[in-house]
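So you can see what is in the structure, the chains are spelled out below.
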Amino acid sequence: MAKIMIPASKQPVYKKLGLLLVAVFTVYVFFHGAQYARGSAPTPKYSTVLSSHSGYKYSKVELPKYSGPREKATFVTLVRNRDLYSLAESIKSVEDRFNSKFNYDWVFLNDEEFTDEFKNVTSALVSGKTKYGLIPQEHWSFPDWIDEEKAAQVRKEMGEKRIIYGDSESYRHMCRFESGFFYKHPLMDDYDWYWRVEPDIKLHCDIDYDVFRFMKDNKKKYAFAISIKEYEATIPTLWATTRKFMELHRDLIHENNMLDFVSDDNGLSYNLCHFWSNFEIASLDLWRSPGYSAYFNYLDQAGGFFYERWGDAPVHSIGAALFLDRSEIHHFGDIGYYHVPFHSCPIDTSIRLANKCDCDPSKDFTWHSYSCTTKFYNLNMLQKPAGWQNHIG
Ligand SMILES: Nc1nc2c(ncn2[C@@H]2O[C@H](COP(=O)(O)OP(=O)(O)OP(=O)(O)O)[C@@H](O)[C@H]2O)c(=O)[nH]1
Ligand SMILES: *[C@@H]1O[C@H](CO)[C@@H](O)[C@H](O)[C@H]1NC(C)=O
Ligand SMILES: [Mg+2]
């Protein structure tokens, strides 16, 4: 959508051009009025204000810049009550940078009931509707084919080896839930798209367009901000299991897949590359598809979520690489993002200034040698920003 930009610093000029301004607004209001009529968007919060004021002042305050048809989309956060205030900062950042302009809903999921304090604080921060869901027990427990003693023994051994979260049972339920169940929660039935948000994340830049509409209009199904390599010790047999699945289900794998992102030797081994799943903007159809459903069930039966410590990030990434057309995967290079310990920060100064980014480009991880994003650009012959070589680190 065209942007109407009337910087406050130029207001005196507009006073002189009062008539022209009125004309511009008339066209603007007409255009957007037509958009509301076309779409199924709820009435925008400021629509009536426009006609009851005159003058240039509301060019800064009340223009419904980001109206029009919206997607069936929601934010989704899996979280414990005790992480409320870490999450509150994430929400405030996402609202300030993006969602206060679009008012998308937010679904919160938990393996325990949310407290009233949690609901009060989060519903005050979110500009869209908030929904709170309890995870059904069968989505957060050992399936009956898992040998719990063996699983406990593995946790002990992986703890002794100091593998990150190696001794944690809840982390494993979390990874299995994010891999195969979050999109099956009834609260997610209302949506086609989601944006995953975790506690303690931050958006570094303003996002002035509807990312969900971008995904739809550009035929994207999965988008990431940061990619990285997995700790091999957490997934010793994930690739062997994936290969067995591929042999059994060749028909389910997309003919124009992106297997070359996850394997450097034509499928023989996993190169450990994955999209960092604490940030995801994606289509729920991907996970609800016959291909991914069969893949998740196969992995779940194999038991690696408990007998190893398979993460949802490699599982989602391999899933996206197998079941999507490679053109359906998108890197959001203009969204500055932080989740400890990595930043993505646009290294292109003009993007950083235009989007009011507050990050230090020298801390950007995107073009670092541990990141897999350069590989993603190379494989897809996408143009990398000028100066990317200087950020290899
Ligand atoms: N309800 C619930 N949510 C959890 C639990 N463990 C993790 N989560 C959530 O699952 C997501 C991933 O967990 P994190 O602890 O952030 O895992 P991580 O990102 O790999 O590790 P960090 O570097 O610690 O952030 C976050 O949204 C957490 O809030 C749990 O036991 N219960
Ligand atoms: C939550 O908000 C309700 C309504 O404002 C209030 O009655 C209740 O005391 C609040 N509870 C907590 C724990 O903040
Ligand atoms: Mg996290």
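What you see is a predicted model; the values in this text were computed from it and never measured.

Caption draft 1: Focus on helix α10 (residues 238-248). All buried positions along α10 are accounted for by L238, W239, T241, T242, F245 and M246. One side of α10 holds all its buried residues, which, seen down the axis, span an arc of 155 degrees. The exposed residues of α10 that point more than 90 degrees off its buried face are E247 and L248. Each element contacted by the buried residues of α10 is listed here: α11 (259-262), α13 (290-302) and α15 (312-323).

Caption draft 2: Here's a closer look at the coordination of the magnesium ion (ligand 3). Around the magnesium ion (ligand 3), the protein supplies E198 (OE) and H339 (NE2) as donor atoms, at distances of 1.9 to 2.3 Å. Here E198 is found in the loop between β4 (193-196) and β5 (202-203), whereas its partner H339 is found in strand β11 (residues 337-339), with 141 residues between them in sequence. With relative accessibility at 15%, the residue H339 sits in the buried group.

Caption draft 3: View of helix α5 (residues 84-97). The terminal C-alpha atoms of α5, which comprises 14 residues, lie 20 Å apart, in line with the 20 Å expected from a rise of 1.5 Å per residue. When α5 is considered as a whole, its buried residues turn out to be L84, L87, A88, S90, I91, S93, V94, E95 and R97. Where α5 is buried, its residues meet β1 (73-78), β2 (105-110), α6 (116-125) and β5.

Caption draft 4: Representation of the UniProt feature "active site" (unreviewed entry) in the chain within the structure. The UniProt entry lists E280 under the feature "active site" (unreviewed entry), expressed in the numbering used here. Each residue touching E280, except ones within four places of it in the same chain, is listed here: Y194, W195, R196, Y222, A223, W287 and H316. Among the polar contacts made by the side chain of E280, one reaches the side chain of Y194 at a distance of 2.8 Å.

Calculation notes
- Residues numbered from 1 in each chain as written.
- Chains lettered and ligands numbered in written order.
- Predicted model: local features only at pLDDT ≥ 70, side-chain atom pairs only at ≥ 80, totals over all residues.
- Heavy atoms only, no water.
- Buried < 20%, exposed > 50% of the residue type's maximum accessible area, 1.4 Å probe, protein only.
- Helix = DSSP H or I, 4+ residues; strand = E, 2+ residues; numbered from the N terminus.
- Arc of directions from axis to C-beta.
- Contact = heavy atoms within 4.5 Å.
- Donors = N, O, S within 2.8 Å, 3.2 Å for Na, K, Ca; no water.
- Expected span 1.5 Å × (residues − 1).
- UniProt positions renumbered as here; feature names shortened; annotations may be inferred.
- Polar contact = N/O pair within 3.5 Å; in protein donor to acceptor, adjacent residues only side chain to side chain.

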